[in-house]
Each structure stands twice: as structure tokens, then as C-alpha cells.
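One letter stands for each residue in the lines below.
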Amino acid sequence: MKFSFSSLSHALALGLTLITAPLASHAQTAAVTPSAEGIVVYNAQHVSLTKEWVAGFTAQTGIKVTLRNGSDTELGNQIVQEGAASPADVFLTENSPSMALVDGANLFAPLDAATLASVPANFRPANGRWIGIAARSTVFVYNKSKLLKSQLPKSILDLAQPQWKGRWAASPAGADFQAIVSAMLELKGEAATLAWLKAMKENAVAYKGNGVVLKAVNAGQIDGGVIYHYYRAGDQAKTGENSNNTETHYFRNQDPGAFMSISGGGVLASSKHKAEAQAFVAWIAGKAGQDILKTGDSYEYAVGVGAASHRSLVPIAELQIPAVEPGKLNSRKVSELMLQAGLL
Amino acid sequence: MSANRLALLNWPRPRAGRSLKSHAPVGNWLGSAALVVALLSLVPLCFVLWVAYQTGWATASALIFRPRVGELLLNTAWLLALTVPICIALALALAWLTERSDLPGARIWSWLAVAPLAVPAFVHSYAWMTVTPGLHGLFGGVMVATIAYFPFLYLPLSAALRRLDPAMEDAAASMGLNPWAVFFRVVMPQLRLALCGGSLLIGLHLLAEYGLFVMMRFDTFTTAIVDQFQSSYNGPAANMLSGVLMLCCFVLLALESRARGKARYARVGTGAARLQQRVALGRATWFVMLLPALTTALALGVPLLTLGRWLIAGGAEVWRWDEVGSAVWQTLALGAAGAVLTAVAAIPVSWLSVRAPGRRARWLESSAYLVGALPGVVIALAMVTVTVRVALPLYQTVVTVLLAYMLMFLPRAIISLRTGIAQAPVELEQAARSLGRSPAQALWHVTMRLAAPSAAAGIALVGLGITTELTATLMLAPNGTRTLATAFWSYTSEIDYASAAPYALTMVLLSLPMTWLLYIQSKKTAGR
């Protein structure tokens with residue numbers, strides 16, 4: 001009885017949101033009158049992708065958007081330090097740990113129900129204070145002439161073994177990599193993660209930036225590297241100059257290395273332009289924003305309900321990603337562990 | 001009137017007290033202004049100490065005495081130990097060739113030896129990354145840093161070589177020393193000031209440089225601090241690293257001041273030194289010319305060819321004029337405002353150090369030098385934390401960025417301005433006052449007008465610094481700021497080298513006239 005009642009109410013709620021969502025989002029974008037100053041977005045997403053979003057949004061709503069670009073953890077910590085005085089209205093990241101950081105400091109305003117309904121539940125935290133806006137899959141990119149398929153690591157944890165010494169690369173100072181570590185922390189626990197990081201300090205070559213890792217792998221300076229999928233996809237779509245000698249290896253099997261990192265968007269509780277800020281996040285998570293991922297040159301996965309990703313990408317369903325609650329990823333702890341391992 | 005006469009009698013080396021009295025109203029007013037500037041300069045310094053204190057010894061020592069810091073120290077030490085001597089050897093050889101030998105085209109070679117300064121260090125490494133993608137680590141860092149920074153030694157060395165009185169060398173030769181002995185025992189000691197000054201400048205640049213070493217994948221304290229900043233905004237770890245970096249700077253300053261010594265290098269007696277005879281290179285000429293030719297090819301050819309290559313590869317598309325134009329405009333606006341602010345802030349200190357030298361002036365001046373020696377990253381980190389905690393209205397505003405620029409580049413402005421003020425006779429200022437001008441008016445209308453050319457040089461030097469400044473701008477700039485340097489940096493981080501090229505080219509073009517000015521100045525100090 002209870003079961004059926006709750007599922008009935010769920011079904012009702014879902015039905016209601018599905019009916020009202022398009023109306024609400026339409027009403028919202030139409031209702032918000034643009035202010036003279038517009039909104040400030042702290043942007044840790046790739047600048048080129050965010051610029052496409054902003055251009056589309058401003059063209060449709062007339063709302064001005066000012067960007068402050070930085071990295072995930074930098075901007076996340078910055079918002080926490082600024083607290084209620086933050087000039088930011090919206091925060092966009094590449095990865096979710098920084099969203100969790102800001103959320104942990106209680107600085108996000110709840111998102112509109114209609115906005116939440118535009119993204120499936122596994123791509124946003126349960127508390128509804130921020131939302132997934134895109135996603136990226138961890139991959140092991142390798143040089144085809146240096147590694148055979150049979151020599152590839154089965155799990156990302158294998159890279160801690162001595163035979164990988166000096167043979168793989170990553171960009172440990174970047175938030176991208178730290179998100180992968182936070183997933184490992186969530187899946188395997190603190191001791192295992194620290195041990196892996198210490199082995200990484202021994203084994204890995206540190207580069208600055210995923211693109212640089214890809215370039216080095218392509219040039220044969222190193223056998224392989226842990227990065228996200230779309231660096232290679234993007235380069236392949238252009239000239240292939242930095243990736244033609246490489247191939248992508250997906251870890252799959254719910255391995256920590258199969259982790260899919262969610263880019264997040266949220267509205268700051270301290271925002272003085274909440275309606276405009278909500279409209280921006282709703283637009284990105286909605287059809288128009290997600291369509292830019294399908295057609296643009298960012299090659300990140302779309303996460304909207306029913307939204308399709310770029311056709312050159314391996315579908316999400318085939319990636320066997322591990323289940324990680326995005327709201328639980330802990331960037332502070334990761335920084336600490338990396339500090340302990342001597343990587344920072 | 002009598003006070004004026006006393007000051008006149010005392011000129012050119014007035015005693016501090018009396019001359020201050022003679023300028024009492026201006027002196028007091030400027031003195032307080034100088035004090036304000038000095039106190040502002042000390043903010044980052046006190047800040048780092050304060051954070052260390054707040055963090056507590058246990059945490060601070062855990063953050064400082066860890067293997068990673070040891071690694072960074074070792075990296076930094078190697079970098080300095082290799083780059084500085086190589087720069088000395090290269091600059092000395094070039095300076096001797098262009099000043100003391102009959103090398104054909106010496107004037108052109110000497111300009112070409114200064115010109116690499118117009119190419120920002122991180123543009124040099126961008127060029128090298130393109131030519132030899134494998135170049136990295138200590139070797140890559142040393143090589144590119146040498147190419148980018150040797151002119152800092154070439155400038156003072158060539159000026160000093162030109163000024164030397166050949167009589168001493170003649171005397172030594174007449175006592176039977178061979179030419180090599182003459183060079184090492186007579187010439188080299190006289191180059192000591194230039195060597196020490198130039199080496200210190202290069203050393204400080206090595207400690208502060210960010211973009212170059214990131215691209216060369218070589219970790220120094222500065223790159224590690226930025227990494228920390230990006231991982232935790234302004235956590236204690238970043239601040240402790242900047243404390244260690246600050247110490248490194250002080251060690252360099254102390255080393256330089258010891259090496260400089262107290263010896264006098266001025267020519268004794270009256271008359272003028274005769275012109276130097278240039279050494280005939282003879283048959284070695286063409287072989288020797290390989291050195292300046294090769295240096296020019298590496299230091300100018302590689303960046304220009306690379307820029308050309310990327311510009312052609314990118315085609316007309318990379319010139320997104322709305323973006324490039326707005327970056328140029330923002331860079332110019334920040335550069336001009338920062339340079340003028342810095343020059344104005346330098347007036348009180350420079351005036352005091354010329355007109356009322358003494359312990360107080362020396363103290364005020366050295367606090368500006370001390371902070372100017374700190375890397376931008378340390379100053380920026382301090383400004384971020386100070387403004388976010390105690391001066392929130394200033395947080396992320398242009399004011400904070402300009403203040404940071406002022407602290408970083410104050411020494412450049414002081415040095416230029418001081419020369420200018422010293423060349424403006426105090427008598428004129430006093431005459432203006434006896435004719436009824438107020439002290440402030442007299443200072444402004446007479447002395448500052450006479451010092452205007454050197455003030456302009458100072459402004460240009462500071463502007464040059466701001467145009468290519470990266471770290472502080474990245475960390476402090478207001479929302480929406482995009483200078484040439486930060487735009488260049490964001491494109492190279494996405495390895496979009498073609499889109500980055502227009503920004504690099506624009507930076508070089510903006511820097512060229514200022515580099516030319518530096519070159520002219522160095523000729524002037526040598527009396528030609």
C-alpha cells in the first residue's frame with residue numbers, strides 16, 4: 001500500500017514537472033527583465049564552451065553576462081572565502097568536487113524545480129542545490145607505437161605498479177585530475193587513495209594541463225596519460241596534429257578510472273540578480289544549452305533529459321561508469337592527500 | 001633666505017637635517033607621502049609573516065619542512081647556479097665584442113643583443129615549445145631563461161666597458177701583463193658593479209618567472225605557489241611557500257650586496273679619459289661573429305619565425321579583432337594608469353633621496369626596493385587575502401591590481417626619477433621660491449619639469465613591465481579583464497597556439513619602443 005502510494009506520488013510529481021517544465025522555463029526566460037549590470041559568472045568551464053553558452057543566452061534574453069575565468073578549485077575556494085560578499089551570481093565548473101565545496105559552505109540557492117527536472121537524477125546531487133551541465137569521461141590515452149592493447153592497464157589502480165614507473169603522465173595540479181582522485185577516494189577509501197598517490201609521485205610525469213599531456217603522448221615523450229576523453233576528440237576533429245599517434249582506452253567495469261566527472265552549475269545564495277542567474281542555469285541545462293554540446297566543438301557529453309551528445313563520442317551507456325554521488329566528492333581532502341604525497 | 005644659502009653652500013652633498021629644514025614645508029609633506037608609500041610596500045612582507053604566525057609553528061613547519069619544498073629549493077638553486085654564470089659569459093663576450101673590438105656592424109649587433117627583451121619570457125618558451133616540443137626540465141628552463149634574460153647583463157656590461165679609462169689597462173700592460181691578465185686583473189674588477197647588478201636582476205627574474213617555467217615543465221617556487229593557489233585559493237600552504245620564496249629573494253639581495261663591496265670605481269683626478277682603442281680581430285673576425293649571429297638567431301629568429309608560422313597557420317581567422325582590440329585597449333589602459341600611479345608614488349622617495357639624503361631616505365628607499373624584488377605572485381597572494389579579509393570594497397577592483405603593479409615596479413620608477421631629479425639644479429628650485437612660488441609649486445614647475453624626460457623613461461619602463469605581467473594580473477584582475485598576457489596565456493593553456501599568436505605579436509610590438517628607450521638610456525649613461 002505504502003509502496004504504491006509513494007510511487008504514485010512520484011509518478012504524479014514527475015508528470016507534473018514534465019508538463020510544467022517547458023511552460024515554467026519559457027515563462028521564466030520571458031519574465032526576467034534584464035538589469036543594466038547583468039550577472040557575474042565565475043567560470044571554471046572551458047572558456048570557449050562558456051562563451052558559446054553566453055552568446056546564445058544573451059541573444060535570447062538580453063541579459064548581460066560577465067565572466068571571471070579560473071580553475072575549479074581556485075574559484076570554488078574563492079567563493080567560500082568571499083562568502084556572502086561574493087560578486088558571483090553563478091558558478092560553473094568542469095568537475096563536481098568544487099560544487100560540493102561551495103555547497104558544503106551553504107552558499108548555493110536551491111535551483112528552480114523546472115531546471116532540476118531538465119537533468120536526470122544521476123547527473124545532479126540529491127539536494128538540488130546545483131545541477132550537471134555537461135560531463136566528461138576519464139580515459140587513458142596512449143601512444144600506439146609504444147603500447148600494445150594487451151599491455152594496457154586493466155584498472156587505473158594498476159598504474160601504481162612499479163612497471164609503470166616513468167611511463168605515464170597526468171596533470172596533478174589541475175582540478176580535472178583532482179576530480180578523478182576524489183572519485184577514487186569515494187570508491188576506495190583514504191588509505192588506498194593515498195598509497196596510489198604516493199606511487200603516482202614515483203611513477204608519473206607531471207605536466208601542466210591535459211592538452212599538454214595529450215601532446216606529450218602523441219610526440220612519444222611518454223607512453224600514456226590519464227586525461228578526459230574530449231581533449232583527443234577535439235583535436236581529432238581539428239587537425240589531429242596533437243593526437244594522430246594516440247588511441248583512447250576506456251577502463252570501464254565500474255573502475256575508478258571509468259569515472260565520469262560532472263560539470264556543474266549553481267546559483268549563489270548571495271546573488272543580487274537571482275532571477276537572471278536562475279534563468280542562465282536553466283538555459284544551459286535546458287534544450288538550447290545542451291544542443292550546443294551536440295553540435296559545438298567542445299565534445300563534452302550532454303546530460304539533459306533526452307539530450308544527445310556529439311555523435312563521434314562513445315555513448316555513456318557503454319562506458320560502465322562507477323556510481324558516485326556527485327554531491328559527496330571532497331576537494332579539500334584531495335588537496336590534503338596530494339600535499340601529503342608531495343604532488344602539490 | 002639664509003636657510004637657502006646654507007643649502008646652497010652644502011650642495012651637492014647637503015647634510016640631511018639642514019637640507020630638510022631648507023625644504024621644510026615640501027620636505028615634511030613629501031616625507032609623509034614617502035612614508036605612506038613605504039608602509040604600503042611593506043604590506044605583503046608583513047602579511048606573509050603574519051600568516052606564518054597565524055598558521056602556528058606546528059602547521060607552518062610541517063608545510064615548510066617537507067620533501068616537496070626541498071625539491072623546489074634544489075630546482076631553484078640549480079636554475080640560478082646554471083643560468084646566471086651562462087648569462088654572464090654570454091653577455092660579457094657580446095659586450096666586449098661590440099664595445100672593444102672592431103667587429104663589423106658592432107652598433108647593429110649591440111642593438112640586436114638588447115632586442116630580445118621586447119619578447120616576453122613566456123613568448124620565448126612558447127616559441128621553443130613549437131620548435132622543439134621535447135625541450136623541458138632544467139635544461140630547457142636554463143636555455144630559454146638565458147636567451148630571455150641575458151640582455152639584463154649585456155646592458156650594464158656594455159655601458160661599463162665603454163666608460164672604462166684605458167689608462168689603467170695601459171699601465172698594467174706597460175708593467176708586463178699579457179692581454180688576458182690585463183682583462184682579468186684590471187678590466188674585470190671594474191665591471192664588478194655591472195656584473196653584480198645585472199646578475200641580481202636576472203636572479204630575481206628567475207625566482208619570479210611563471211609562464212616560462214610552466215611551459216618548460218620545470219617547477220619552481222613561483223609555479224608551485226600558483227598551483228597551490230589554484231588548488232586552494234589562498235590556503236596556508238601557498239602562503240608558506242611564498243614565505244620561502246621571499247627568503248630566497250633576500251638571500252640573493254644579501255649576496256649581491258656583499259659581492260658588490262665598498263670599493264670605489266670612479267676615475268680619480270681631472271681631465272677626461274681618452275677614447276678606447278678597439279682591438280683588431282683580424283682573421284678571427286668571421287669566426288667570432290658566429291657568436292652574436294647565433295645568439296640573435298636563437299633569441300630573435302626563433303620567436304619571430306614561430307610567431308610567423310602560427311600566424312600563417314591561423315590565417316586571418318585568428319585576428320578576432322573585437323577580442324584582440326579589447327585586450328590591447330585593456331592592456332594599454334592598465335599599463336598607462338599603473339605606470340603613472342607608480343611614477344607619482346616614486347616622486348617623494350626619489351626627491352628625498354636626492355635632496356635630503358640620510359638614514360630616513362635610505363630606509364624609505366630600501367623598503368621599496370625590497371618589495372620590488374618580491375615576485376608578483378607573493379604580492380598578489382597577499383593582496384588577495386588582505387582585500388578579501390579587511391578591505392572588501394577594494395577586492396577584485398582595478399585599484400588592487402594597480403596597487404600591486406605599483407609595488408612590483410616602484411624600483412624602476414625610482415631609479416629613473418632619481419637620476420632626473422639629481423640633474424635638476426636645486427638652485428633653480430630655490431630661485432623660483434625666492435621669486436614667490438610656494439615650495440610645492442617650485443618643485444612641480446621647476447624640478448619636475450626638468451626631470452620630466454627621466455620620469456617619462458620611468459613610466460615607459462613600468463609600462464613595459466605591466467604589458468607583459470602575467471601572474472598578478474591573473475590573480476587580481478577584476479571580473480571580465482582580459483589583457484594581452486592573460487589572453488595569450490589562456491589560449492596556450494588550451495594548446496591553441498595559432499589563436500595565441502596575435503596576442504604575442506602585439507605584446508612584442510608594444511614592447512619594442514620601450515626596449516629601444518632602454519638601449520638609448522644605456523648609451524646615455526655611458527656618455528654617448
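Residues numbered from 1 in each chain as written. Chains lettered and ligands numbered in written order. Predicted model: local features only at pLDDT ≥ 70, side-chain atom pairs only at ≥ 80, totals over all residues. Heavy atoms only, no water.

Let me state the cut-off plainly: UniProt positions are given in the numbering used here, feature names are shortened, and annotations may be inferred rather than shown by experiment.
An unreviewed UniProt entry lists chain B under the name Iron ABC transporter permease, with Rhodoferax aquaticus as the source organism. According to the UniProt record, the Sequence similarities (unreviewed entry) comment for chain B reads "Belongs to the binding-protein-dependent transport system permease family."

Per an unreviewed UniProt entry, the recorded name for chain A is Iron ABC transporter substrate-binding protein, and the organism is Rhodoferax aquaticus. The UniProt entry for chain A carries this comment under Sequence similarities (unreviewed entry): "Belongs to the bacterial solute-binding protein 1 family."

1. Description of the overall build of chain B
Using the following cut-off: Think of it this way: any DSSP run of H or I at least four residues long counts as a helix, any run of E at least two long counts as a strand, and we number them from the N terminus. For the radius of gyration, the atom set is restricted to C-alpha positions; the globular benchmark scales as 2.2 Å times the number of residues to the power 0.38. Each residue's exposure class comes from its accessible area (1.4 Å probe, protein chains only) as a fraction of the maximum for that residue type: buried when under 20%, exposed when over 50%, partly exposed otherwise. We call two residues contacting when some pair of their heavy atoms lies within 4.5 Å. Per-residue accessibility takes into account occlusion by the displayed protein chains alone, with areas from the Shrake-Rupley method and a 1.4 Å probe. This count recognises Lys and Arg as positive and Asp and Glu as negative, with His and chain-terminal groups excluded. One atom stands in for each charge, and that atom is NZ of Lys, CZ of Arg, CG of Asp or CD of Glu.
The helix and strand inventory of chain B stands at 27 helices and 0 strands. Its C-alpha atoms give chain B a radius of gyration of 24 Å, within 12% of the compact-globule value 24 Å for 528 residues. Each principal axis of the C-alpha distribution contributes one length, and for chain B these read about 65 × 65 × 50 Å. Relative to its full complement of 528 residues, chain B shows a buried share of 56%. In chain B, once contacts between residues fewer than 6 apart in sequence are set aside, the share between residues at least 24 apart is 83%. Carbon and sulfur atoms provide 69% of the accessible area of chain B, an area that totals close to 22,700 Å². Once the 38 positive and 19 negative side-chain charges of chain B are each reduced to a mean point, those two points are 15 Å apart.

2. Digging into the domain arrangement of chain A
Residue and element names in this part refer to chain A. Put simply, the rule is: An automatic or database domain assignment provides the domain bounds reported here. The term buried area refers to how much accessible surface (probe radius 1.4 Å) is lost by two components on association, counted for both of them together. In what follows, salt bridge is the name for a side-chain nitrogen of Lys or Arg lying within 4 Å of a carboxyl oxygen of Asp or Glu. Identification of polar contacts relies on pairs of N or O atoms within 3.5 Å, with a donor-acceptor requirement for protein atoms, meaning one able to donate a hydrogen and the other able to accept it, and with residues adjacent in sequence counted only if both atoms are side-chain atoms.
For chain A, the assigned domains are domain 1 (39–134 + 261–314) and domain 2 (136–259 + 333–341). When each unit is reduced to the centre of its C-alpha atoms, the spacing between domain 1 and domain 2 is 26 Å. On the side of domain 2, 17 residues touch domain 1, which itself brings 15 residues to the contact. Of the roughly 1,300 Å² buried where domain 1 meets domain 2, counting both sides, 57% is carbon and sulfur surface. It is Ser261, Tyr299 and Tyr301 in domain 1 that bury the most area against domain 2; as a group they hold 38% of the surface buried on that side. Across the domain 1-domain 2 interface, the total number found is 2 salt bridges. Residues Glu94 and Arg136 are paired through a salt bridge, measuring 3.2 Å at the closest nitrogen-oxygen approach. Counting across the interface, domain 1 meets domain 2 through 8 residue pairs in polar contact (both at pLDDT 80 or more). For the side of domain 1 that touches domain 2, the elements supplying multiple residues, two or more each, are helix H3 (72–82) and strand S10 (260–268).

3. Overview of the domain arrangement of chain B
Residues and elements named next belong to chain B. One can read the domain layout of chain B as domain 1 (19–52 + 318–528) and domain 2 (56–262). Domain 1 and domain 2 are separated by 22 Å when their C-alpha centres are compared. Counting from both sides, the interface comprises 41 residues of domain 1 and, opposite them, 45 residues of domain 2. Of all residues in domain 1, the largest losses of buried area upon contact with domain 2 belong to Leu381, Trp489 and Tyr519, amounting jointly to 15% of the total for that side. Across the contact surface, domain 1 and domain 2 share 0 salt bridges. On the surface where domain 1 and domain 2 come into contact, there are 3 residue pairs in polar contact (both at pLDDT 80 or more). Only helix H3 (24–55), helix H20 (376–389), helix H25 (471–476), helix H26 (484–493) and helix H27 (497–525) provide two or more residues apiece to the side of domain 1 that touches domain 2. Per-element accounting of the side of domain 1 that touches domain 2 gives the leading share, 15 residues, to H27.

4. Thoughts on the UniProt feature "domain: ABC transmembrane type-1" (unreviewed entry) in chain B
Here the UniProt feature "domain: ABC transmembrane type-1" (unreviewed entry) sits at residues 73–256 and 328–518 of chain B. In residues 328–518 of chain B, the share of helix is 82% and the share of strand is 0%. The end C-alpha atoms are 22 Å apart.

5. Considering the confidence of the model for chain B
All names here are of chain B. Cut-off, in case you're wondering: Residue-level confidence of the predictor is what pLDDT reports, using numbers from 0 through 100.
For chain B, per-residue confidence averages 85 on the pLDDT scale, and residues scoring 70 or more make up 92% of the total. Looking at the elements of chain B, mean pLDDT is at its lowest for helix H1 (residues 2–10), recorded as 35, and at its highest for helix H8 (residues 137–149), recorded as 95. The low-confidence segment residues 1–21 (pLDDT under 50) makes 25 contacts with residues lying over four places distant or belonging to another chain.

6. Points about a nonpolar patch on the surface
Residues and elements named next belong to chain B. For clarity, the cut-off: Here the term patch refers to residues with relative accessible area over 30% and no salt bridge, with like charges joined within 9 Å and nonpolar side chains (Val, Leu, Ile, Met, Phe, Trp, Tyr) within 5 Å.
A cluster of nonpolar side chains, contributed by Leu74, Trp78, Leu82 and Ile86, occupies part of the molecular surface with about 380 Å² of accessible area. The residue Leu74 is located in helix H5 (residues 67–100) in this model. Residue Leu74 is classed as exposed on the basis of its relative accessible area, which comes to 53%.

7. Some words on the packing of aromatic side chains
Test applied: Aromatic pairing here means that ring centres of Phe, Tyr or Trp (its six-membered ring) are within 6.5 Å. Orientation follows from the plane angle: under 30 degrees is stacked, over 60 is edge-to-face, and everything else is tilted. Placement of a charge over a ring requires the Lys NZ or Arg CZ to be within 6 Å of the ring centre, with the centre-to-atom vector within 35 degrees of the ring normal.
This structure, assessed with the given rule, holds 23 aromatic pairs over all chains. Between Phe47 of chain B and Trp50 of chain B, the ring centres sit 6.4 Å apart and the planes meet at 40 degrees, which makes this aromatic pair tilted. Of this pair, Phe47 of chain B and Trp50 of chain B both sit in helix H3, separated by 3 residues, roughly a single helical turn. By relative accessible area, which is 6% here, Phe47 of chain B ends up buried. In textbook terms, an aromatic cluster arises when at least three aromatic residues are bridged by ring pairs, as seen for Phe122, Tyr126, Trp310, Phe488 and Tyr497 of chain B. A cation sits over an aromatic face here: Arg167 of chain A above Trp164 of chain A, 4.8 Å from the ring centre. Sitting above the plane of the Trp310 of chain B ring, Arg309 of chain B keeps its charged end 4.6 Å from the centroid.

8. A few points about the UniProt feature "binding site: Fe cation" (unreviewed entry) in chain A
All names here are of chain A. Per the UniProt entry, the sites bearing "binding site: Fe cation" (unreviewed entry) are His46, Glu94, Tyr230 and Tyr231 in this numbering. The greatest C-alpha distance among the annotated residues, which extend across 186 residues, is 13.1 Å, indicating that they converge on a single site. If you trace the backbone, Glu94 turns up in the loop between strand S3 (90–92) and helix H4 (97–104). Assessed through its relative accessible area of 11%, Glu94 is described here as buried. If near-sequence neighbours (up to four positions away) are discounted, Glu94 is found in contact with Ala44, Gln45, His46, Asp72, Arg136, Asp176, Ser261, Ile262 and Ser263. Within the local environment of Glu94, its side chain forms a polar contact with the side chain of His46, the two groups lying 3.0 Å apart. By secondary structure assignment, the location of Tyr230 is in helix H9 (residues 229–237). With relative accessibility at 5%, the residue Tyr230 sits in the buried group. What Tyr230 contacts, discounting residues up to four positions off in sequence, is His46, Arg136, Asp176, Ser298, Tyr299 and Glu300. Side chain to side chain, Tyr230 and His46 meet in a polar contact 2.9 Å long.

9. Some words on the state of the cysteines
All names here are of chain B. The criterion, for reference: To count as a disulfide, a pair of cysteine sulfur atoms needs to be within 2.5 Å.
Scanning the entire structure with this criterion turns up 0 disulfides over all chains. The structure places no disulfide on Cys87, whose sulfur is separated from the nearest cysteine sulfur, that of Cys196, by 15 Å. Here Cys87 falls in the buried class, since its relative accessible area comes to 0%.

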